[in-house]
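Letter by letter, the chains look like this.
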Amino acid sequence: MSHFDLVVIGGGPGGYVAAIRAAQLGKTVAIVESESALGGTCLRVGCIPSKALLESSHLFEQASHISQRGVVVENVKLDLPAMLKHKEGVVRQLATGIDGLMKKNKITRLLGHGRLNGVGKVVVDGKDGSQEVTCETVLIATGSVPAILPGIELSGDRIGTSTEALAFPEVPKHLVVIGAGYIGLELGTVWRRLGSKVTVLEYLDRILPGMDSEIANEAKKIFEKQGIEFRLGCKVTGAKFDGQQCQVTIDGSDPVVCDRVLVAVGRKPNTQNLGLDTAGVQVDKRGFITVDPHYQTSVAKVLAIGDVIGGAMLAHKAEEEGIAAVEHLYTGYGHVNYNAIPGVVYTDPEVATVGKSEDVLKDEGVAYKKGTFPFMANGRAKAMGSVDGKVKVLAHATTDRVLGVHIIGPHAGDLIAECVAAISFGASSEDIYRTCHAHPTLSETVKEAAMAVSGRAIHF
Ligand code: NAI
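Presented here is a report on the structure given in the accompanying data block.

The rules we used
- Residues numbered from 1 in each chain as written.
- Predicted model: local features only at pLDDT ≥ 70, side-chain atom pairs only at ≥ 80, totals over all residues.
- Heavy atoms only, no water.
- Phe/Tyr/Trp six-rings, centres within 6.5 Å; stacked < 30°, edge-to-face > 60°.
- Helix = DSSP H or I, 4+ residues; strand = E, 2+ residues; numbered from the N terminus.
- Buried < 20%, exposed > 50% of the residue type's maximum accessible area, 1.4 Å probe, protein only.
- Lys NZ or Arg CZ within 6 Å of the ring centre and 35° of its normal.
- 1 Å grid on protein atoms, 1.4 Å probe; cavity = no way out; pocket = protein on both sides within 12 Å on 5 of 7 lines; lining within 4 Å.
- Points joined across faces, edges and corners; volume = space filled by probe spheres on them.
- Nonpolar A, V, L, I, M, F, W, Y, C, P; charged D, E, K, R; others polar.
- Core = buried A, V, L, I, M, F, W, Y, C linked by side-chain atoms within 4.5 Å.
- Near = heavy atom within 4 Å.
- Polar contact = N/O pair within 3.5 Å; in protein donor to acceptor, adjacent residues only side chain to side chain.
- Axes fitted to C-alpha atoms, helices over the stretch in contact; angles between N-to-C directions.
- Left-handed = near helix turned anticlockwise from the far one by under 90°.
- Contact = heavy atoms within 4.5 Å.
- Pairing = 2+ DSSP bridges.

1. Digging into the packing of aromatic side chains
This model, assessed by the stated rule, comprises two aromatic pairs. Centroid distance Phe168 to Trp191: 5.2 Å. Interplanar angle 45°. Geometry classified as tilted. One end of the pair, Phe168, is in the loop between helix 5 (162-165) and strand 9 (174-178); the other, Trp191, is in helix 6 (residues 182-193), and 23 residues separate them in sequence. As far as burial versus exposure is concerned, Phe168 and Trp191 are alike and both buried. Plain terms: the ring middles of Phe373 and Phe460 are 6.2 Å apart, the flat faces sit at 80° to each other, and that makes the pair edge-to-face. Taken together, the residues Phe373 in strand 20 (residues 368-374) and Phe460 in the segment after helix 14 (444-452) connect sequence positions 87 residues apart. Of the residues examined, Phe373 reaches a relative accessible area of 1% and is grouped as buried. Under the relative-accessibility criterion, Phe460 is labelled exposed at 67%. The aromatic ring of Phe168 is capped on one face by Arg260, whose charged end is 5.3 Å from the ring centroid.

Here's what the structure looks like:
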């Protein structure tokens, strides 16, 4: 029987990154993953394939509409199989890259479903039978799975989750998206660009719950202008496919008929058949594994990180936690600054956020100052023909410390990095605007929004 310092269950971005960090610290490490490719939901059926489709569909849309920029492209046609093949190639290459990282760091791969079998023991149920390994510590990084509403009858790629919507065999004529969160808006954008009529049904009276509401409202207006239809305050109670068409039922209103449905109403912790009870690992009432600030579960030497412990379900948050958990375990120090975790929605334009929203600052009664700057007034955005959106910087009224930055606009997901660093280092809005930003770049919008906090924006 093999024995390891650390066995990681789950090979997503949280798990494999933690495994590498532990190996770097000189530990013997095994990683258990039921899929043959490492990378988890993020790489196989999440962040990466969706970004491949977002990039390709962006090109398609651009090619169809750039004659006013002096580039005449005739007969632009969609080759969906080629687009899907490109996406699969990107996923395959990155998965091969992770395989290489495992080898480089001498991490043992165990293929199969991992489950605890008491403390310090992990059983791996593989295709050819089960094996048990022992270890000093187990790190659970099993992620999450899509949540499904009662009344929804999943039906392959007719009524499916993001997994199916990343590989529709044809462009839906009418795609109904249930849920106006990250997944619904990103994949809704992909299929709208490729020609679908897209209707988003959202239970709340707003889109992008949790994000700064001013930015979310602006996002809604921009997406509507692009052709996405939103029906807010709309509680979906069921969906079924009758062999011809899909029917989505809504509380208090007529059903919607369409040819495909994407269910994107959130995700839930993946703890099925994990053997948590064999070791006595506790979960909360929503099923998330409970941990202390050092990712220790209710059982010594069993740690957990990522989506399975709750909080923002983001790959980069899981990575930070994986590293912090392992570093704390082996070096005594490891920490995640949860106030400096960016969130990015890769729509067009992108929406990016870090720190506190204006809504939260109001709720908490924090005295703040606010500066905004529109992309319309930025030379580079004009040159790109991408002028929708704005940057909003929120700083403390007396200390000027940056409390939150919220952006909707071109490359918002890249622009937010500076703001994450600013919050991490406790910067003031003055620190941002006294830092020289190259001209002409989109980053000048961040500088100008920081200037606007004290009423001194130059270009607006
Ligand atoms: P979400 O939590 O972002 O949004 C789900 C939406 O569904 C909410 O607005 C909710 O109000 C709505 N909803 C719930 N029940 C409903 C009903 N009965 N009828 C109508 N609407 C209903 O969840 P989503 O988009 O499924 O994403 C899951 C997770 O994956 C998120 O936590 C997100 O952070 C993560 N993710 C992150 C991405 C990124 O970083 N770019 C991309 C994709 C996913």
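Structure shown, so let's carry the discussion forward.
2. What to know about the layout of surface pockets
Within this model, the second largest pocket holds a volume of roughly 1100 Å³. Along the wall of the second largest pocket there are 35 residues; nearest its centre are His58, Arg193, Asp348, Pro349 and Ser386. Per-element accounting of the lining of the second largest pocket gives the leading share, six residues, to helix 3 (residues 47-64). Partitioned by chemical class, the residues of the lining of the second largest pocket number 13 nonpolar, 11 polar and 11 charged.

3. A look at the nonpolar core
With 52 residues, the main nonpolar core has Leu116, Val122 and Ile140 as its most contacted residues. The element contributing the most residues to this core is helix 1 (residues 13-24), with seven residues. In this structure, Leu53, Leu54, Leu185 and Leu262 belong to the second largest nonpolar core, which totals 34 residues.

4. A short note on the site of the ligand
The immediate surroundings of the ligand are formed by 25 residues, with Ile183, Glu186, Glu202, Gly266 and Val344 found nearest. Here an oxygen atom of the ligand sits 2.9 Å away from a polar atom, N or O, in the main chain of Ile183. Contacts to the ligand include Tyr203, whose backbone N or O atom sits 3.1 Å from a nitrogen atom. Here the shell around the ligand gets four residues from one element, more than from any other, and that element is helix 6. For the shell around the ligand, the class distribution of residues is 17 nonpolar, four polar and four charged.

5. A short note on the packing of helix 3 against helix 4 (residues 80-104)
It is the contact of helix 3 with helix 4, at a shortest axis distance of 9 Å, that shows an interaxial angle of 140°. The interaxial crossing formed by helix 3 with helix 4 has right-handed handedness. Across the interface between the two elements, Ile48, Pro49, Ala52, Leu53, Ser56, Ser57 and Phe60 from helix 3 touch Met83, Leu84, His86, Lys87, Val90, Val91 and Leu94 from helix 4. Here the residues of the contact of helix 3 with helix 4 sort into 10 nonpolar, three polar and one charged.

6. What about the pairing of strand 6 (residues 129-140)?
Bridge count between strand 1 (residues 3-9) and strand 6: six bridges; the pairing is parallel. Bridging from a neighbouring strand, Ile9 pairs with Ile140 of strand 6. Across six bridges, strand 5 (residues 121-126) lies against strand 6 in antiparallel orientation. Residue pairing in the sheet places Lys121 in a bridge with Thr134 of strand 6. If you look at the hairpin formed by strand 5 and strand 6, you'll find two residues sitting between the two strands. Of the strand pairs in this sheet, strand 6 and strand 17 (residues 302-304) are connected by three bridges, and their pairing is parallel. Looking at the pairing, Ile140 lines up with Ala304 of strand 17.

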